Structure formats: C-alpha cells, structure tokens
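Chain by chain, the residues:
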Amino acid sequence: MELQDHQQHLFAHRARLHREADAAFAKWAAGHGVIKHKPQTQLRVLELAQLLVAHGRASSTDDVFRLLAAADTLASAAMWLTVHMTYSRRVRWDGEALQPSEYKEVPEGHTGGSLNMVPAYVGYLAANSLTGHTRGWIMGQGHSVAGIEAVNLLAGNTLPVQASRYELSDDGLSRFVSDFYSYAIGPDGRPASPLGSHVNANTAGGISEGGYLGFAELQYVHMPLPGERLVAFLSDGAFEEQRGSDWAPRWWRAEDSGHVAPIMILNGRRIEQRSTMQQQGGVRWLKEHLRLNGFDPMGIDGTDPAAFAWAIFTMEDRLDACAEALRQGQGSYPVPLHYTIAEAPKGYGFPGAGSNDAHNLPLGGNPRTDMRARGLFEAGAQALWVPRHQVDAAAALLNRHADQGRPRERDHPFASRSVPSPALPALSGLPQGEGPASPMEGIDQAFTSVVAANPQLRVRVGNPDELRSNRMGRTLDLLKHRVVSPEQGVAESTAGAVVTALNEEAVVSAALANKGGLNLVVSYEAFAAKMLGALRQEILFARHLADAGRPPAWISVATVATSHTWENGKNEQSHQDPTFGETLLGEMSDVSRVLFPADWNSAQAALHAAYGTHGQFWSLVVPKRALPVRFSADDAARLTRDGAVVVRAAPQARVLFIAIGAYQLEEALKAADRLVQRGVPAAVNYIVEPGRFRVARDDREDAHMSPVLGELFPATQEIRIVLTHTRPEPMAGLLRRLDTGPRTTRVLGFLSRGGTLDVGGMLFANRTTWAHAVAAAADAGGLDLDRLLDPPELQAVRGSGDPHAVMSQY
C-alpha cells in the first residue's frame, strides 16, 4: 500500500510539471464537470500523444489533447442525456429545470450500467479518431445500451430510422427520451419505438443484443479477421455467467486473428448486491485470476474516456509486439492476451452512484412525485449539462471519418459483414438403395470438400469432444484441434481450426463469432441443448436485422446434433433428449432452420443448402449409425428444396404415414409394408424440415413455407400417422395444417422413456415401432387390428408380450 501511495505521488508530481509546461495539456487535464483525469491517466495520455505524433498519426500533441477534451465534453453531455432517458419525457438544451409533469410516470432504465458505458464508448470513438481506424465493438451487458444510444445520437452516429426521428432539438431529444421504455406498439404487433431495453437492430453498430450474459466474453476472441480490430465491453456481473472466457488466450493466433481489446467495466455490483468478484477481492483478485489464465491485465480509471482510449491503443500495440516476436521466432503461444480492467462506481457521475439502486433507478424515488428525488435529479443533471454549441463542436472534432478515409462507427466491419457464397463442389452422392452408410460420414465428406474449395474462408468447427467418434474423422484430420502445444501423434496444431472444449457454450460461440468465415458445430443432441441460449440470441438478432431491412450477409451457420436420442441408448436417459430441435422449431422458421436428414444423400444436401444461404442458423439432427440410402441425390435435393417428398406413393390410400427422422422413416416403411401385405393401401411421406409446414406467423415466415403442401398431403389421405424424432406434442402443435382432426390423426414420438437400450429398445419403449404405427392406423381408421398384427405382435403392442416380436434391428 505504501508503494502504491508513493507511485501515485510521483504520478501527481510529474503530471503537475507537464501541466505547467503545456497549455493544451493543462486544459484537457483540468477535466470537464464530473470527468476527472487522475495523474496516472494524465501521464499515460501524454506518452500516447507523443507516440501518435512520432508515428505520424497526429500533427501535434495539442491536437491530441483537443480531441480528448472534446471526448470529455461529449461524455458529459451523453451522461446528461442518459439520465433523462430514464426519468424524463422532456429535454431542454438550455439546461433549465423540468416541471414535475415532464418526468415519466414510471421511470425505467438500467441507469448505472448505462452511465458507466458512456465514458467507455466515447473512449472507443476517441481511439478511432486518434488512430484513423474504425474498430468494431460488442457489449456483453446489452442492458446498458442507453449510454451508447445517447452517445451515438449526439455524435451523429445513427442509422436512418433514428436519424429521421430524433433531430438534435428540444423536441427531437424529448421524443428520444420519451421513446425509451415507452412500450409503444404498432398495428403489426411490433415495437413502435426504435429504442429497446438492450442493443437492438436499430442500435448503430450493434451486433449482439447482449441479453444472454456471458456470451460476448466467449465470442470476442473469435470475431476479428486479420487486419480487423474489435473492442469488447464486458462486465464483472457477466463474468459469473458462462465458463470459457478464461480460455481466450488459447484461441488467439497472429496468423488468423485480428486485434482484440477486451475491457471489463468493473463496478462491483449486480442488481441486488456486490458481484461475486467484488466479494472475492475485486481488482486484485481478478488480476491474479487473469494472469493465471494467460492474460496480461492492466487497470484504468473507468470514469475517464481518455483512459479507455489509451487502453485500446496500448492493448493493440502490445499485441502487435507479441505478433512481431512470434514472427521473429522469439515467442510462443499462448501470447499474454492484454485485458483492461476499468474500475468505476456503478452509475458514476450521478446521485446514487455505487449503491444497489444505481443498477436501475438510482434516485430512490420518482422525480415526478418526490420532491427529494427531483432535487437530486436537477443537481445531478446540472453537473452534467453542456451547452448545445459545445456538444456540436466536440462531435465535429471527433468525426474525422471523411478526412481519414474510414467508415462511420455505425458501419464498422462486424456490423456490415458481406461474405460471398462459397463454392460448393459436386456432392459424392450414393446410389439409392445402397448402403448402409453413416449420414454423419456424408456430412464429413461434404464439409471437407467445401473447406478445400474455399481456402479464402477462415474455418471454425465447434467441438465439445468426440468429433472422430461422431464420424467426422476427415474434418479432424484436415483441420485439427487448436492447441498451444500439439501432442505427438494426435490431430492437433497451433493453427488448428477445430475449437475443442468440454463446454458446449464455449465451442458454439467460436462458430457464431466467426461470421467472416465458414462454420460448423457438432455435438451430441442431448447436450446441444446447452447451446440454446447462445443460438437463440443470435437467431433473434438476425431476424430483427432482416425485419429492419438489413438482412445479415454472412454465410449461414450449421449446427449438427448427432449421437441422438434414438441411437444413444448405450448411455442413460440423460443422453436421450430431443429438446434441441424442439426448442429451435419454436423460433421463426425462416431464420431457424431445423432439419432431420435421414440418410447419406439427404444429410449432404442439407449441409450444402445451409452454406448456400446467408444470415440463417441451420440445425441438422443427423444419425451417425449406418443406415440405408433411401433417397437418390436428386430426391435429396428436392427434399431439401421443398421440405418434404413422397417416399412411397399410393394415390388411392386413405392411410398416410408421415416420418420425421431417420429411424422413424424406417419404421414407417415397415408399417406401410404390413398394411399393404394385409390388403390396406398405405402411403409414406418424409418431412425433413417441419417448420415449413406450420401455420406461418408473419409474412416473412409465410414466404418460407413449402410450396408442395397440397400436392404431398391430399385430403383423401385422411388417416395420418406421424412418426417423429421429437416428442409428439410439439410436433402435433407445429403441424396443425396437416392435422385431419383428433379422430383420424395420431402422432408417435419420444415419450421421455429410455435408459441403456439399443435403437429397437428405444423405439419400443416410446411406442414408436412399426407395429405401434400399425395399431395407431387401425385405431384412427377403424381397421381390424387383429387382422393386421399377428398374435405375438399384438401382445407386444399391448404391453403383455415379448417386445422383440416387433423390435427392429439396426
């Protein structure tokens, strides 16, 4: 402690000497309102200014200090606007006090985190202006968006939907703050306000909602391509969420990764109490933790925009030095990934800072009805207020994009990804009737051929382990596990593209983040459910972008769920769970594409189709066991194009078996065979993408519906028996358009029964064998079951005989 005090004294002494010698430096160092500059920050910024001049980035140190003074001005004004977003319906540029009626009846806003984000985001803008680079940004704590929206508006960095609605006048700013948490809804049922509680499609430069805490921490290191720069704003609260952010140094490589600048806003509080990190020791504990995990942590003043600008420059500069050392053969992986800890009281700059109340409503009362709260608001806002002409001048000084030949921050590279469709080589289809062959091996062959044909695309394969066991041996041998120290005789490389960790959230994030490249995720179906939060956040944001008229242009991401429910009986029931596909079928089907390929050819066709699209998330539930090739290559292409095909035509039949899932198709064919043998005509259809046969929920989803519904499902085939990979209830609800009513339609599927069983045993336990399908057809069609099943089969179906009488062998 004495050493720290001595260092601070030296910092203060040196800073005082420089202030006395340099007027521009002294003017900036004096701060602006609540924005103060500590001696350590002053010295760091002075050195930064001298470096920028030496490198030709600035004509003089005076220019640097003027720009940083402008950043202070903008930050103070944005904090002023942020607190108005929470509490008021009216904004006055003249700074005059509001009347009680001009406050919101119900104030709302994550005020503390938003206030903390203002100096951070302004520091990001300043770093861009100082260096001439437009960096991307991502914010893990998406609920702190008000601070970013306020800065963007005052800086003129908005998308057209906001620019046309919020001019920089009293009325425009009043409309802006009134829209925040207005809960306004349009006739179409969509939010009428461009502003949301979190980052949304109308947030300039926003690329992730940040509603699911912890995923930005997992994704940032995988995001930038070489030559790109990303600033990741993180939080100490989200640090408690998903495991895996500690592994970022294991994944970064100078050869295929861009600059990353992770910054944790450490305000020490969650919603109701101190964060766990704060309870464990705060900054000191975090620095030790980060060093143990391969980071190079450094602390800054989290209330000062200049400190953030310095940190961004310094992290990149140090990362460049590490990359150069590697090129010279003087270093090894992992490099110490530089990481900034920005410590600040929650809600700094406004009354209530540092308290539990600061998270949401820091005043402890509503200024509309509470005189004490109104007095606090007026005093706090007055301390932040900046005259309009000063704000305009500050924004103009920071906005040097045209002179520097760089895009506005709203158009940073990560927000404007546009990746051409990859080359898709001819598939190695197998003849219909051949086999058995593993559909996962078909995926493996198709994927490696796409990778080989597209060397320009950075590849990431998310792998929670057992990639080779899941029949992806070619992929593993070609791309290799990404490690820092390869093991002899194992498919490992420091340049590997397979991100492997026994953590589904971490590995799916590697693929979701790599939007400039080509991505695949492979997981056990049961454990893919752990990926749902990460996937759902991405699905929602992509759909919202499309709704806003800016559909994403990155190559669609494919996730393969295998070793699935019906074939994972060698393990206990924890390994038997179709929740993954069921849940994703609940999302909008034009973005969340859920397919159930049944054989080699349909699996390959599905993967190719995925990579032929943009801005979608394809989830393929694929068996890994060898199965017959049921579809020709042409049929498989048609199946993927239309969502379903006729497998066995019977125009005069009343009974139609509808299969969804590979093993369900096998059982449906056997059931149809039995009916035909006993004189009852029966047809079989296969649905690979059930979401295309639902009742569409809006026009965009309606345009995605299958064009062959009427053709494939004629009204004359009224007895409909659906055999589904999923639980019966979700699929019954999804396929209401195919449902002929409770008397004539039955749905067989996973009944949450299982254990250590083989495929036949799983089908029997869940009453989804061919014989159970025949019994369902007899019940729905008024047929004589005694004539359709032999006595041992009948006893098995009724639960009183030998199950093996109706169990298939796979």
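Here is what the cut-offs are and how they apply
- Residues numbered from 1 in each chain as written.
- Predicted model: local features only at pLDDT ≥ 70, side-chain atom pairs only at ≥ 80, totals over all residues.
- Heavy atoms only, no water.
- Helix = DSSP H or I, 4+ residues; strand = E, 2+ residues; numbered from the N terminus.
- Contact = heavy atoms within 4.5 Å.
- Pairing = 2+ DSSP bridges.
- Axes fitted to C-alpha atoms, helices over the stretch in contact; angles between N-to-C directions.
- Parallel < 35°, antiparallel > 145°, perpendicular 65-115°, else oblique.
- Left-handed = near helix turned anticlockwise from the far one by under 90°.
- Nonpolar A, V, L, I, M, F, W, Y, C, P; charged D, E, K, R; others polar.
- Buried < 20%, exposed > 50% of the residue type's maximum accessible area, 1.4 Å probe, protein only.
- Polar contact = N/O pair within 3.5 Å; in protein donor to acceptor, adjacent residues only side chain to side chain.
- Expected span 1.5 Å × (residues − 1).
- Salt bridge = Lys/Arg side-chain N within 4 Å of Asp/Glu carboxyl O.
- Core = buried A, V, L, I, M, F, W, Y, C linked by side-chain atoms within 4.5 Å.
- Phe/Tyr/Trp six-rings, centres within 6.5 Å; stacked < 30°, edge-to-face > 60°.
- Lys NZ or Arg CZ within 6 Å of the ring centre and 35° of its normal.

Trainee: Can you help me understand the side chain of H198 in this one?
Mentor: Among the secondary structure elements, H198 is positioned in the loop between α8 (170-179) and α9 (215-219). Those residues in contact with H198, other than ones at most four positions away along the chain, are G142, H143, V145, T203, E209, G210 and G211.

Trainee: What should I look at first to understand the sheet that holds strand β2 (residues 229-235) in this one?
Mentor: Spatial ordering of the open sheet is given by β1-β2-β3-β5-β4, a layout of five strands whose pairing is parallel. Either end of the sheet is taken by a strand with one partner, and the two such strands are β1 (136-139) and β4 (295-301). With direction set aside, neighbouring strand axes in the sheet form an average angle of 20°. In this sheet, β2 lies alongside β1 in parallel orientation, the contact comprising four bridges. Note on β2: the bridge partner recorded for M139 is F233.

Trainee: In this structure, what is going on with the packing of helix α23 (residues 600-611) against helix α24 (residues 633-642)? I would like to understand it.
Mentor: For any two helices packed against each other, the geometry comes down to the angle between their axes and how far apart the axes lie. Relative to each other, α23 and α24 sit at 45°, their axes nearing to 8 Å. One element, α23, and the other, α24, form an angle in the oblique class. Where α23 crosses over α24, the handedness of that crossing is right-handed. Facing N601, S602, A605, A606 and A609 of α23, the residues of α24 in contact are A633, A636, A637, L639 and T640. Its residues placed into classes, the contact of α23 with α24 shows seven nonpolar, three polar and no charged.

Trainee: Is there a simple way to explain the packing of helix α4 (residues 61-87) against α8 in this structure?
Mentor: Across the interface, α4 lies against α8 with an axial gap of 7 Å and an inter-helix angle of 55°. As summarised for this structure, α4 and α8 are arranged oblique, according to the angle between their axes. Helix-helix and strand crossings are classified by hand; for α4 and α8 the assignment is right-handed. Contacts between α4 and α8 pair W80, L81, H84 and M85 from the former with L173, F176 and V177 from the latter.

Trainee: I would appreciate a short explanation of the pairing of strand β11 (residues 557-562) in the present structure.
Mentor: In regular strands, side chains alternate between the two faces of the sheet. β11 sits mainly inside the fold: six of its six residues count as buried. Of the two faces of β11, both are covered, the one formed by V557, T559 and A561 as well as the one formed by A558, V560 and T562. Direction of pairing for β11 relative to strand β13 (residues 617-621): parallel, over a ladder of five bridges. Bridge pairing in β13 places T559 opposite S619.

Trainee: It is not clear to me how the side chain of D236 should be interpreted in this structure. Could you clarify?
Mentor: Along the polypeptide, D236 turns up in the loop between β2 and α10 (248-251). A polar side-chain atom of D236 sits 3.5 Å from the main-chain amide nitrogen of N267.

Trainee: Is there a simple way to think about helix α30 (residues 770-781) in this case?
Mentor: Count 3.6 residues to each turn of an α-helix, and residues three or four apart come out pointing the same way. Between the first and last C-alpha of α30 there are 16 Å, a value that for 12 residues agrees with the 16 Å anticipated at 1.5 Å per step. Within the sequence span of α30, burial applies to W770, A771, H772, A773, V774, A775, A776, A777, A778, A780 and G781.

Trainee: Quick question: what am I supposed to make of the pattern of salt bridges here?
Mentor: Where side chains of opposite charge bring their charged atoms close, a pairing between them can arise. Under the criterion given, the structure shown has 41 salt bridges. The shortest N-O distance in the salt bridge between E316 and R135 comes to 2.7 Å. Linking E316 in helix α13 (residues 305-327) with R135 in the loop between α5 (111-131) and β1, this pair joins segments that are 181 residues apart in sequence. D411 is the salt-bridge partner of R410, the closest N and O atoms lying 3.5 Å from each other.

Trainee: What's the story with the sheet that holds strand β15 (residues 655-660) in this structure? I'm lost.
Mentor: As a general point, the strands of a sheet are linked pairwise by backbone hydrogen bonds and lie either parallel or antiparallel. Taken in spatial order, the five strands line up as β14-β16-β15-β17-β18 in an open sheet, and their pairing is mixed. Where the open sheet ends on each side, the last strands, each with one partner, are β14 (644-648) and β18 (745-748). Between one strand axis and the next, the sheet turns through 20° on average, direction left out of account. Sheet analysis places β15 next to strand β16 (residues 682-687), joined by five bridges and oriented parallel. Residue pairing across strands places V655 opposite A682, the latter belonging to β16. In the packing of α30 onto the sheet, the strands contacted are β15, β17 (719-724) and β18, and the crossing angle to β17 comes to about 150°.

Trainee: Would you take a moment to explain the environment of V91 for this structure?
Mentor: Counting through the fold element by element, V91 comes out in the loop between α4 and α5. Sequence separation between V91 and S178 is 87 residues; the distance between their C-alpha atoms is 9.5 Å. Setting aside residues no more than four positions away along its own chain, V91 makes contact with W80, L81, H84, D170, L173, S174 and V177.

Trainee: Please explain the nonpolar core as it appears in this structure.
Mentor: Counting 162 residues, the largest nonpolar core has Y220, F447, F657 and I721 as the members making the most contacts within it. If you tally residues by element for this core, the top one is α30, at nine residues. Setting aside chain neighbours within four positions, we find I721 in contact with L656, F657, I658, R746, L748, A773, A776, A777 and A780.

Trainee: Even after reading the chapter, I still don't get helix α17 (residues 439-453), so can you show me in this structure?
Mentor: Taking 1.5 Å per residue as the helical rise, α17 with its 15 residues ought to reach 21 Å, and the 21 Å between its terminal C-alpha atoms agrees with that figure. Among the 15 residues of α17, 12 are classified as buried, and the element is accordingly described as predominantly covered. Against β6 (459-463), α18 (473-479), β10 (518-524), β11, α23 and β13 lie the buried residues of α17.

Trainee: What am I meant to see in the packing of aromatic side chains here?
Mentor: In this description, a pair of aromatic rings is defined by centroid distance and the angle of the planes. Tallied over the full model, the rule gives 22 aromatic pairs. Judged by centre distance (6.4 Å) and plane angle (85°), the ring pair of Y124 and F233 falls under edge-to-face. Taken as a pair, Y124 in helix α5 and F233 in strand β2 lie far apart in primary sequence, 109 residues in all. The two residues Y124 and F233 agree in class, both being buried. With a centroid separation of 6.1 Å and an interplanar angle of 10°, the aromatic rings of Y524 and F527 are classed as stacked. Look at Y524 and you get buried, because its relative accessible area is 10%. Judged by relative accessible area, F527 falls into the partly exposed class, the value being 25%. Of the aromatic side chains, those joined through ring pairs into one cluster are Y87, Y103, F350 and F377. The residue whose ring lies beneath R250 is W247, and the NZ or CZ to ring-centre distance is 5.6 Å. When the ring centre of W554 is taken as origin, the NZ or CZ atom of K515, which lies over that ring, is 5.3 Å away.

This is a description of form; function is not addressed.
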